[in-house]
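Listed below are the residues making up each chain.
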There are 2 protein chains.
Amino acid sequence: MISVVLLGAGNVATHLYKAFSNSENISITQWYNRTRASISSYANDVDITDSLDKLKEADIYIMAVSDDCIEQLSIDLPFTNRFVVHTSGSVAMHDIDKKNKIGVFYPLQTFSKEAEIDFSEVPICVEVYEKENLQLLIDLAKAVNCKPHKITTEQRQTLHLAAVFVNNFTNQLYRIGHEICETKNIEFEILHPLIEETAKKIQHMSPFMAQTGPAKRNDKRTIKRQLKLIEKEEHEAIYKMLTTSIKKTHGIRSTRIKSQKKEN
Amino acid sequence: MISVVLLGAGNVATHLYKAFSNSENISITQWYNRTRASISSYANDVDITDSLDKLKEADIYIMAVSDDCIEQLSIDLPFTNRFVVHTSGSVAMHDIDKKNKIGVFYPLQTFSKEAEIDFSEVPICVEVYEKENLQLLIDLAKAVNCKPHKITTEQRQTLHLAAVFVNNFTNQLYRIGHEICETKNIEFEILHPLIEETAKKIQHMSPFMAQTGPAKRNDKRTIKRQLKLIEKEEHEAIYKMLTTSIKKTHGIRSTRIKSQKKEN
C-alpha cells in the first residue's frame, strides 16, 4: 500500500485524486490545498487541510499545482528528507527544493474538469534524482493501471512540446473548423466522425503515411478554390502555412523516390 | 434494391465498393476503371470493365475519380438521361455534363487504402439537381448505414474546407509531433492516448471549451522555454502562429467577461 499526500486542486490534482481513490494499492493520507473551499466537498471521503504545518507523513507528496507555484511550494514544505514530486511536463525536476528527495510524475494527458478520463490509457513519465525512489513511482503508476515511462528531463520537456502540437494546436484547428462551419450554418457535429478517424488512423499508421488531401496531392485548383472561400485573414495565414508544411514534408520524399528511380 | 455502376479505383471507390458489397439493398451492376489492372483482383466478385462503351444500365452511376477527371469522364459517358453523381467535396455539381441527371454523393471521411472504415459512422452529404432523385441518394446512404445530410454546393465546399483543417492539417501537426519526438529518441506512441483523447473530448464539448495548455493560460515562461527547445524554423513559425491564434480566440472572450463584470 502506497500512502500519498496530494497537494493542489486543479484539473490534474482532481483526476489524480479520483484515480488514486479507485486504486486498492493506494491510500490517500491527506489532500492539501491553500484554499480549503476548492476541496471541501471531499471532506467526508478524505482528510483535507489548508495548512502545510498539518501535513501528515506519507510515502510520497505529489505537488499537482501550476508550474509557477511548484518551486515556492517545495520551499514552503515544513519537513525534510521525504519524497516530493511534481506533475508538470515542462518544469525541471531540480526546481524542487533539495531538502527533500525529488522526482517527477507526469501524466501525459489532457485534463478538463468536465471530461472523465480512462486513466488506464494514460502514459506516466517518471523521473527521479535518487535512484532508490524510481520503483515507488513505477508502482504508483501501475497502481492506477497506467504505463510508466522512465525518461529524462529533456525528453519530458520535448514530449510536452510535442503534446502542445498534437493536443492544443490540434484543438485550435478543430475550433477553426467549428468557426468555418458556423459561417454557413453547418453543424460542426458532421465533422465528428472525420476527427475521430483522423486520430484513430495514426494509432496503426505513421502520420506521414496517413496524410491525404489537396496539399499532399498538390491539387492547386482545390487549394486556390479553398483560399477564395476562406473569410478570415487569420485562417488564410494558417491554411497557407500548413499547406506549405505538408508539401515540404511530402515533396522531399517524392523527389528522393524520383532520383532513386533514375539511378536504377 | 438499388443497382449501382461504380467508376474509378482510388481510395473512395474501393471503400464504396466494400460498403456496397456488404449491403443487402445494393447490387453492384458493374465496376469500371480506365485501367483494368487496378480492379482485376475483384473480377470473380463483380462484373468489371475498362470500356465506357460496355457500361450496363443501372439506377445510379457513381464517379469516384479524382477531382480533375470528373468533368471529362461525365462528357465521355456514352449515354444520356441517366443518374450520374460524383463523390468530391469540392467540385461543383454542375461540372457534371447535363446530358445526364446529376448529383453529388460525398462521404465526409478520410480514406486510406490500408485503413478499414466503419462506414456506419460516415456522414454522406447529398445534393441533386432534379429533386426527384434526392430520395435515391438518401436510400443509398441508408443502405450502407450512413447518415445522409442534404446540403448545398456552398455548404459542401465549406465542409470540405473545414475538413482540410480538422483532418489534413491536424494530421500534419501529428507529423510534426512525430518529428519532434524523433529528435530526442522518444517513441511517438507515447502520444497516442493524448491524441485520441483530444479528438474524443470535442465529441461532447466545444473545441472552445476543450482548450488547455500554455497558450490558453497565457503561460509566457513555458511558451518561451518551448520556443527555445524547437529546432526547426518551420516548427517555430507554426508554433508562434497557432499560439497567437489560441490567444486571440480566448483573449476576446476573457475581455468580454471582464467588461460584463464591470457593467454589473
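Our subject is the structure listed above.
Summarised in this report is the structure supplied together with it.

Criteria and cut-off values
- Residues numbered from 1 in each chain as written.
- Chains lettered and ligands numbered in written order.
- Predicted model: local features only at pLDDT ≥ 70, side-chain atom pairs only at ≥ 80, totals over all residues.
- Heavy atoms only, no water.
- Least-squares fit on C-alpha atoms with pLDDT ≥ 70 in both.
- Contact = heavy atoms within 4.5 Å.
- Salt bridge = Lys/Arg side-chain N within 4 Å of Asp/Glu carboxyl O.
- Polar contact = N/O pair within 3.5 Å; in protein donor to acceptor, adjacent residues only side chain to side chain.
- Helix = DSSP H or I, 4+ residues; strand = E, 2+ residues; numbered from the N terminus.
- Nonpolar A, V, L, I, M, F, W, Y, C, P; charged D, E, K, R; others polar.
- Pairing = 2+ DSSP bridges.
- Axes fitted to C-alpha atoms, helices over the stretch in contact; angles between N-to-C directions.
- Core = buried A, V, L, I, M, F, W, Y, C linked by side-chain atoms within 4.5 Å.
- Buried < 20%, exposed > 50% of the residue type's maximum accessible area, 1.4 Å probe, protein only.

The next point concerns the relation of the copies chain A and chain B. Expressed as a screw transformation, the operator carrying chain A onto chain B has a rotation angle of 180 degrees and an axial translation of 0.0 Å, and the superposed copies differ by an RMSD of 0.1 Å. With respect to symmetry, the two chain copies, as superposed, fit the operation of a two-fold axis. Identified as the residue of chain A closest to the rotation axis by C-alpha distance is Thr 170 of chain A, at 2.7 Å.

Next up on the list: the interface of chain A and chain B. Each side of the interface is counted separately: chain A has 91 residues, and chain B has 91 residues. Viewed at the interface, chain B and chain A are joined by 6 salt bridges. Asp 68 of chain A serves as the salt-bridge partner of Arg 221 of chain B, at 3.6 Å between the closest nitrogen and oxygen. Remark: the boundary between chain A and chain B carries 28 residue pairs in polar contact (both at pLDDT 80 or more). Looking at the side of chain A that touches chain B, the elements with two or more residues in it are α2 (67-76), α4 (153-183), α5 (192-201), α6 (207-210), α7 (214-217), α8 (220-229) and α9 (233-263) of chain A. Broken down by element, the residue count for the side of chain A that touches chain B peaks at 27 residues, all from α4 of chain A. Class assignment of the residues belonging to the side of chain A that touches chain B gives a composition of 41 nonpolar, 31 polar and 19 charged.

Turning our eyes to something else, we now look at the sheet that holds strand β7 (residues 123-128) of chain A. Residue and element names in this part refer to chain A. In spatial order, the strands read β3-β2-β1-β4-β5-β6-β7-β8; together these 8 strands make up an open sheet with mixed pairing. The outermost strands of the open sheet, each flanked by one partner alone, are β3 (48-49) and β8 (147-150). Bridge count for strand β2 (residues 26-32) against β3 is 2 bridges, and the pairing is parallel. In the sheet register, Trp 31 faces β3, and the bridge partner there is Ile 48. In the packing of helix α3 (residues 134-143) onto the sheet, contacts are made with β1 (2-7), β2, β4 (60-63), β5 (83-86), β6 (101-107), β7 and β8, and the angle to β7 comes to roughly 165 degrees.

To continue, consider the nonpolar core. Ranked by size, the top nonpolar core spans 106 residues in total, and within it Leu 7, Phe 165 and Leu 191 of chain A together with Leu 7, Phe 165 and Leu 191 of chain B carry the most contacts. If sequence neighbours within four positions are ignored, Leu 7 of chain B has contacts with Tyr 32, Leu 52, Leu 55, Tyr 61, Ile 62, Met 63, Ala 64, Val 65, Leu 73 and Leu 77 of chain B.

Buried within helix α1 (residues 11-21) of chain A we find Ala 13, Thr 14, His 15, Leu 16, Tyr 17, Ala 19 and Phe 20 of chain A. Its buried side turned inward, α1 of chain A meets β1, β2, β4, β6 and α3 of chain A.

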